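Examining the three-dimensional arrangement
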Amino acid sequence: MSPTRQPQLCASEVAILRDGPRVAVLAALAALRADGLVEASYGGRVRSRGWVEPGRDPVELAIHATALEAPVRVAAFVTRLMVAIELDEMRASAERKVSRHAWARRRTLDRLRREHGRVAPGCGARDAAMAVALFGEAALMKLDPAFAVTVLRGPPQEPSRRWYFRVGERPADRIPLRPDGTEPGTGLSYSPPGGRCGG
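Criteria and thresholds
Sequence positions are assigned chain by chain, starting from 1 and proceeding in written order. In keeping with the predicted nature of the model, local features appear solely for residues at pLDDT of at least 70, side-chain atom pairs appear and are counted solely at 80 or more, and the whole-chain, interface and lining totals rest on all residues. To get the side-chain values, all heavy atoms of the structure are used, and hydrogens and water are removed first. Helix and strand definitions follow DSSP, with helices as H or I runs of at least four residues and strands as E runs of at least two, each counted in order from the N terminus. One fewer than the residue count of a helix, multiplied by 1.5 Å, yields its expected span. Only heavy atoms matter for contacts: two residues are in contact if any of them lie within 4.5 Å across the pair. Whenever two N or O atoms come within 3.5 Å, that pair is a polar contact, provided that in protein one can donate a hydrogen and the other can accept it, and provided that, for residues adjacent in sequence, both atoms are side-chain atoms. Think of pLDDT as the predictor's per-residue confidence, scored from 0 to 100. Under the scheme applied here, a residue whose accessible area is under 20% of the maximum for its type counts as buried, over 50% as exposed, and between as partly exposed, the area being computed with a 1.4 Å probe on protein chains only.

As for helix α3 (residues 58–69)
The end-to-end C-alpha distance of α3 is 17 Å, a good match for the 16 Å that twelve residues give at a rise of 1.5 Å each. Considering only its buried residues, α3 is in contact with α1 (11–19), α2 (21–34), β2 (46–48), α4 (81–97) and α6 (125–135). The residue sitting at the N-terminus of α3 and contributing the capping side-chain oxygen is D57; that oxygen lies 2.7 Å from the backbone nitrogen of V59.

What follows is the structure in C-alpha cells.
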C-alpha cells in the first residue's frame, strides 16, 4: 500500500482491527450515547431511546434496534443476530481496506492514535466512537464515567443480609439483624454467648 494513500476506516472497522467485536460494540455505544440515543437501564443493561437516522454506522443501527426491543447487557450484543451480522460485515470491510499483515495494521492504528489522541467529555458522536475504538474501555470511562461504570461493571450491589442466631436456635427461629447486631425495628441488640454464627 502506498504510504501517501491511507485507508479510510470508520470507528467500527478500527475497533475490530484493534481488538475485535466487543470494542466495536463499545465504540457504537459511545456514539449513540453522545447523541442521547442510549441510556443505562436496570441491572447494568443498555436501553435505546428515540429514533436514529438511517445513515449512521450499521453497527450503531443494529445495536439501537436491538436495545429498542428490550434492554441488553453489553456482553450480549455480539450474540444478537442483527448485531453479529453487521460486525461480520465490518470485519470483512476492514480486511479489504487494510493488509492482513500485522505491521500494516499496526501502522494504520498508530497513525489513527496520533490523529485522535485527545479524548474529552462532550465531544461529538464520531469522535467519541473513534476514541473508544482506539483506546477501549478507558476512553469510554473518560467520556461518560457514570454510564460506563453502570453498563461495564453493573449497578452497585446492596450489602447482603446475613442471618445471625444464638447457638442452639432452630433455623426457623432466626432473626435477621443488622451488621451491628441491632434487630430492625426494635433497636435491640445482643451478643450470643458463643459468638455470632452465620446461617
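Picking up where we left off.
As for the confidence of the model for the protein chain
When pLDDT is averaged along the protein chain, the result is 81, and 75% of the positions lie at 70 or above. Taken together, the stretch residues 159–172 has pLDDT below 50 and engages in 27 contacts with residues farther than four places along the chain or on a different chain. Taken as a whole, residues 186–199 scores under 50 in pLDDT and shows 30 contacts with residues more than four places along the chain or in a different chain.

Things to note about α2
An ideal rise of 1.5 Å per residue puts 20 Å on 14 residues; α2 measures up with 20 Å between its terminal C-alpha atoms. The element α2 is extensively covered by neighbouring structure, given that ten of its 14 residues are classed as buried. If you check which residues of α2 are buried, you get V23, A24, V25, L26, A27, A28, L29, A30, A31 and L32. Positioned one or two residues after α2, G36 has a phi angle of 70 degrees, which is positive.

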